Amino acid sequence: MNRAPKVAVVWRGDREARRTATPQNNRFHRVFEELAASGIDAEPAVYDEAFADEVRDQLLTADAVLVWVNPLDDGKSRVALDALLREVAAKGPWVSAHPDVILKMGVKEVLHRTRHLGWGTDTHLYRSVQAFREEFPGRLRTAGPRVLKRNRGNAGQGVWKVEEIEPLAGGAAMARVLHAQRGSVPEELGLAEFMARCESYVEADGCILDQPFQPRLPDGMIRCYMGADRVVGFGHQFIKALIPPPPEGPDSEAAQPGPRTMHPASAERFQALRARMETEWTPQMMEVLGIDRTSLPIIWDADFLYGPRTAAGEDTYVLCEINVSSVFAIPDQAPAEIARLVAERLRDGTTARAG
């Protein structure tokens, strides 16, 4: 390749954002800096459905496409964008993350497909409204509080803590539910009424998942950032999703999540988790999902909650989500690793369908 390789960086925005975007004036500026330092010509490619054809033409001139677009954003989905990215990838540029890889890794169904791995737990999947209606009430009654999750979403959308409560005398089953979206408060309502509210998730996304509620949620969530198959850093955050707000209310300072504290991959407190991710769980996931290394996303993360401690007092970890579509913020070390992986794949001539 005689010219510098060209990478398009995609995120969602309006026409004005597209017109004014530069490598320096957006939240991905460190990624642009590291790509430039690696001899790669990177350019913004702000996307919206209103000018999708223009973006398609731009992406077809690139050697690689890096995408940061949420599954759901202000009422918009990725349906049109994913079709565009498949078309672009089929014509030459490789796309990270490829929509087909997202459908394997970046949906909640992965929690069910990999439930037998060391990060798994008692996870169930309902592919029809009928199965959901027939199976979930009994499971809730016998297994205790559960967390329902729609297959595709972000920012807590479609994630609910559900626990059965005593019905009024002779009445129908009742539930206390709490949405994971910021600002939510617990509701008490009929279980059938709540389930009817969730049926649209099955219809829209093809399935709905449920897992046991993890009592150690107040200990925080660990976000393990991955560059392909290697850990590039960690983030720890005391989240407040699925925890009832204090008496001051859901908008009070005490109800807000703590900052996400970033740590390098070498952080001592996370070395056991790092070893499992790199040597056990990621290779096992790749085998289960049929994904090779060159199809892994350039940047992705796995969110873990603390599971029950072992008899020796050691921590265990329960996977609650894999994020692929739009992983940001990222550790300080990640932009350089992103650039290194992009340069490696361009140098090795990775095919258009690399993730």
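Provided above is the structure to which this section pertains.
Summarised in this report is the structure supplied together with it. (Residues numbered from 1 in each chain as written. Predicted model: local features only at pLDDT ≥ 70, side-chain atom pairs only at ≥ 80, totals over all residues. Heavy atoms only, no water.)

1. Re the pattern of salt bridges
Counted under the stated rule, the structure contains 39 salt bridges. Where Glu34 meets Arg30, a salt bridge forms, and the shortest distance between an N and an O atom there is 3.1 Å. With Glu34 and Arg30 both in helix H2 (residues 29-37), this residue pair falls four residues apart, about one helical turn. Judged by its relative accessible area of 31%, Arg30 falls in the partly exposed class. A salt bridge links Arg146 to Asp122; the shortest N-O distance between them is 3.1 Å. With Arg146 in strand S8 (residues 146-150) and Asp122 in the loop between helix H6 (109-113) and strand S7 (124-126), this residue pair connects regions lying 24 residues apart in the sequence. Accessibility expressed as a relative area gives 1% for Arg146, which makes it buried. Classification of Asp122 by relative accessible area gives partly exposed; the value is 36%. Members of the salt-bridge network, linked through shared partners, are Asp229, Arg230, Arg293, Glu337, Arg340 and Glu344. (Salt bridge = Lys/Arg side-chain N within 4 Å of Asp/Glu carboxyl O. Helix = DSSP H or I, 4+ residues; strand = E, 2+ residues; numbered from the N terminus. Buried < 20%, exposed > 50% of the residue type's maximum accessible area, 1.4 Å probe, protein only.)

2. Some points on the sheet that holds strand S2 (residues 41-47)
Judged by pairing direction, the sheet is parallel, and its four strands sit side by side in the order S2-S1-S3-S6 without closing on themselves. Bordering the open sheet on either side are S2 and strand S6 (94-96), each of which pairs with just one other strand. Pairs of neighbouring strands in the sheet enclose a mean axial angle of 20°, with direction left out of account. Examined bridge by bridge, strand S1 (residues 6-12) and S2 share seven bridges and lie parallel to one another. Residue pairing for S2: Trp11 is matched across the bridge by Val46. Across the face of the sheet, helix H4 (residues 79-90) comes into contact with S2, strand S3 (64-68) and S6 while running at roughly 165° to S3. (Pairing = 2+ DSSP bridges. Axes fitted to C-alpha atoms, helices over the stretch in contact; angles between N-to-C directions. Contact = heavy atoms within 4.5 Å.)

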